[in-house]
Each structure stands twice: as structure tokens, then as C-alpha cells.
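The lines below spell out each chain.
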Amino acid sequence: MRIFVCERCGGNDFRQEKGFRTCQYCNTSYVLTAEEMPQKLSNISLNDDIKSLLNKCKNDPTNARRYASLVLDIDPTNSEARRFLNR
Ligand SMILES: [Zn+2]
């Protein structure tokens, strides 16, 4: 398994959540790449990632901005995600 280094703080200690890894030091979240996903999710497409992140925005308004910014990392022109960020 390759070592993942946080782009923001250079840390390499992460906690893994469903579909994300979060830096223990600075709390930056990264979307797991397809090959890092559990087996049954390994063929998930980027569009499905975006769709599920947008669903999280709706179901979890407290963290909506965080999910929306993850969507914009994948697709910077996503207008739905921008709506959540501009609230
Ligand atoms: Zn970090």
C-alpha cells in the first residue's frame, strides 16, 4: 500500500471514513481513489462520486460545504455544488 501524504500539512496519519480519508493533523478530507475503495465500489465512476457527494450535501447540511468543495475538486464547474457553497 502506498503512503499517502497530506497536501496541506505533509502529515501521513489519516483516519479512513466511508469514501474519504481525513488528515489527523489538519482535518483535510480527501476522496479515496477508485482503487482504494472497498471491492464492491471499485468500479464507481467520478459521476457517481459527485452524485453521492451531492446527496450527502442534502442529507447532512452541517457538512454540506465540505462535501460541496469535494465535488468542486472533482468537477470545478458543478453548479449544484456551487449553490451549497454560496449559502
Ligand atoms: Zn494535513
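Provided above is the structure to which this section pertains.
Described below are features of the structure shown in this document. (Residues numbered from 1 in each chain as written. Predicted model: local features only at pLDDT ≥ 70, side-chain atom pairs only at ≥ 80, totals over all residues. Heavy atoms only, no water.)

### Let's talk about the packing of aromatic side chains
Reasoning step 1: Going through the model one piece at a time under the given rule, you end up with 4 aromatic pairs.
Reasoning step 2: With a centroid separation of 5.1 Å and 70° between ring planes, the pair formed by F4 and Y30 is classed as edge-to-face. With F4 in the segment before β1 (14-17) and Y30 in strand β3 (residues 29-31), this residue pair connects regions lying 26 residues apart in the sequence. Of the two residues, F4 and Y30, neither departs from the other in class, the shared state being buried.
Reasoning step 3: Between F20 and Y67, the ring centres sit 5.9 Å apart and the planes meet at 45°, which makes this aromatic pair tilted. Within this pair, whereas F20 is found in strand β2 (residues 20-23), its partner Y67 is found in helix α2 (residues 64-74), the two being separated by 47 residues in sequence. Just as F20 is buried, Y67 falls in that class too.
Reasoning step 4: Within the aromatic cluster, the residues linked to one another by ring pairs are F4, F14 and Y30.
Reasoning step 5: Seen from the ring of F4, R21 lies directly overhead, with NZ or CZ sitting 3.9 Å from the centre.
Reasoning step 6: The aromatic ring of F14 is capped on one face by R21, whose charged end is 5.8 Å from the ring centroid. (Phe/Tyr/Trp six-rings, centres within 6.5 Å; stacked < 30°, edge-to-face > 60°. Helix = DSSP H or I, 4+ residues; strand = E, 2+ residues; numbered from the N terminus. Buried < 20%, exposed > 50% of the residue type's maximum accessible area, 1.4 Å probe, protein only. Lys NZ or Arg CZ within 6 Å of the ring centre and 35° of its normal.)

### Digging into the coordination of the zinc ion
Geometry reference: four tetrahedral donors at a metal, ideal angle 109.5 degrees. Six octahedral donors, ideal angles 90 or 180 degrees.
Reasoning step 1: Every protein donor of the zinc ion is listed here as C6 (SG), C9 (SG), C23 (SG) and C26 (SG), and their distances to the metal cover 2.3 to 2.4 Å.
Reasoning step 2: Coordination at the zinc ion is tetrahedral: its 4 donor atoms span angles of 104 to 114° at the metal.
Reasoning step 3: Mapped onto the sequence, the residues coordinating the zinc ion show the spacing C-x2-C-x13-C-x2-C. With a gap of 14 residues between them, C9 in the segment before β1 and C23 in strand β2 connect regions that are remote in the sequence. (Donors = N, O, S within 2.8 Å, 3.2 Å for Na, K, Ca; no water. Tetrahedral: all angles 85-135°; square planar, octahedral: opposite > 155°, others 65-115°.)

### What about the pairing of β1?
Reasoning step 1: The pairing of β1 with β2 spans 4 bridges and is antiparallel. Bridging from a neighbouring strand, R15 pairs with T22 of β2.
Reasoning step 2: Where β1 hands over to β2, the hairpin turn is made up of 2 residues, of which G19 adopts a positive phi near 85°. (Pairing = 2+ DSSP bridges.)

### Thoughts on the nonpolar core
Reasoning step 1: Counting residues in hydrophobic clusters, the biggest one holds 13 residues, and the most contacted among them are L53, L54, C57, Y67, V71, A81 and F84.
Reasoning step 2: Mapped by element, the contributors of at least two residues to this core are α1 (46-59), α2 and α3 (79-85).
Reasoning step 3: Element by element, the count of residues in this core is highest for α2, at 6 residues.
Reasoning step 4: By size, the runner-up hydrophobic cluster in this structure holds 5 residues, among which are F4, F14, C23 and Y30. (Core = buried A, V, L, I, M, F, W, Y, C linked by side-chain atoms within 4.5 Å.)

### A few points about unusual backbone geometry
Reasoning step 1: One non-glycine residue with positive phi stands out, namely N27, at about 65°.
Reasoning step 2: On the accessibility criterion, N27 (48% relative accessible area) is partly exposed.

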